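Here are the chains, one letter per residue:
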Amino acid sequence: MRIYTMKNGILACLMALILSGCNSGKTELFNGKDLIGWKIYGTEKWYVEDGLLVAESGPDKEYGYLATDKSYKDFELDVEFLQEADGNSGVFFRSDIEGTKISGWQVEVAPPDLHTGGVYESYGRGWLIKPEPEKEKALKYGEWNHMKIKVQGDRVTTWLNGEQMIDFTDDKIGEANGKIALQIHDGGGIKVYWRNITLKEISGVE
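Procedures and definitions
Residues numbered from 1 in each chain as written. Predicted model: local features only at pLDDT ≥ 70, side-chain atom pairs only at ≥ 80, totals over all residues. Heavy atoms only, no water. Helix = DSSP H or I, 4+ residues; strand = E, 2+ residues; numbered from the N terminus. Contact = heavy atoms within 4.5 Å. Areas by Shrake-Rupley, 256 points an atom, 1.4 Å probe, with all protein chains shown as cover. Core = buried A, V, L, I, M, F, W, Y, C linked by side-chain atoms within 4.5 Å. Buried < 20%, exposed > 50% of the residue type's maximum accessible area, 1.4 Å probe, protein only. 1 Å grid on protein atoms, 1.4 Å probe; cavity = no way out; pocket = protein on both sides within 12 Å on 5 of 7 lines; lining within 4 Å. Points joined across faces, edges and corners; volume = space filled by probe spheres on them. Nonpolar A, V, L, I, M, F, W, Y, C, P; charged D, E, K, R; others polar.

(A) The overall build of the chain, seen in detail. Secondary structure summary: the chain contains two helices and 15 strands in total. For the chain, the proportion of contacts with a sequence separation of at least 24, taken over those separated by at least 6, is 64%. If you sum the accessible surface of the chain, you get close to 10700 Å²; carbon and sulfur atoms cover 51% of it.

(B) A look at the nonpolar core. One finds Leu77, Phe93, Trp194 and Ile197 to be the most contacted residues of the largest nonpolar core, which totals 38 residues. Broken down by element, this core gets its largest block of residues, five residues, from strand 15 (residues 190–201). What phenylalanine 93 contacts, discounting residues up to four positions off in sequence, is Phe75, Gly104, Trp105, Val107, Val119, Val151, Val156, Ile173 and Lys179. Within the second largest apolar cluster, seven residues are counted, among which are Tyr65, Phe92, Ile97 and Ile102.

(C) Geometry of the environment of serine 24. Here serine 24 is to be found in the loop between helix 1 (2–22) and strand 1 (26–28). Sequence separation between serine 24 and lysine 200 is 176 residues, and the spatial gap between their C-alpha atoms is 8.1 Å.

(D) Layout of the layout of surface pockets. A volume near 210 Å³ is recorded for the largest pocket. Forming the boundary of the largest pocket are 13 residues, of which Tyr63, Gln106, Tyr120, Gln183 and His185 lie nearest the centre. Broken down by element, the residue count for the lining of the largest pocket peaks at three residues, all from strand 8 (residues 101–109). Of the residues contributing to the lining of the largest pocket, the split by class is seven nonpolar, five polar and one charged. Counted as a void, the second largest pocket has a volume near 180 Å³. Going through the elements one at a time, strand 1 and strand 5 (64–71) are the ones with two or more residues in the lining of the second largest pocket. In terms of residue count, strand 5 provides more of the lining of the second largest pocket than any other element does, three residues in total.

Okay, here's the thing in structure tokens:
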């Protein structure tokens, strides 16, 4: 009887852990199969290969974006990326797109010493904040990197491979809402792989 009770207890614990994971509130933005839930802007290449989302420059060598169908205001976003060739890209948040003109904010994904994890405002004020120089080494160029982006109210915090890159507040960001978008920079020769793109919506008040 005691062994039976112990087995039941173990099963109950396992079920609780499974249900806890299911109710974590995280949404997979990329399903590893296709681009359902996303929309392509521009003529650059976005496709799925071997379970990975691939961003690649096309013959026009212009800016390109892959944006979520939905808008997200307050969230924690986790994403992994690997840069091949010139890995100049980025993750936009609270953004609007018309054609290949995007209004919003970009968490930079760039080659070494070009401020990956910093925040840039397109068609606006430009760089709002760059990581401190000693944090540039957090990028593993040519390897898989994990980035976390937290946007809550007027506060933006980013981490790269566990290193906090920036943490700042901005009134204009606080007032905005919009889509999440991945970028291909212009100039050609860019290729970036993405995987494990998950998002958890959170309260706008800490």
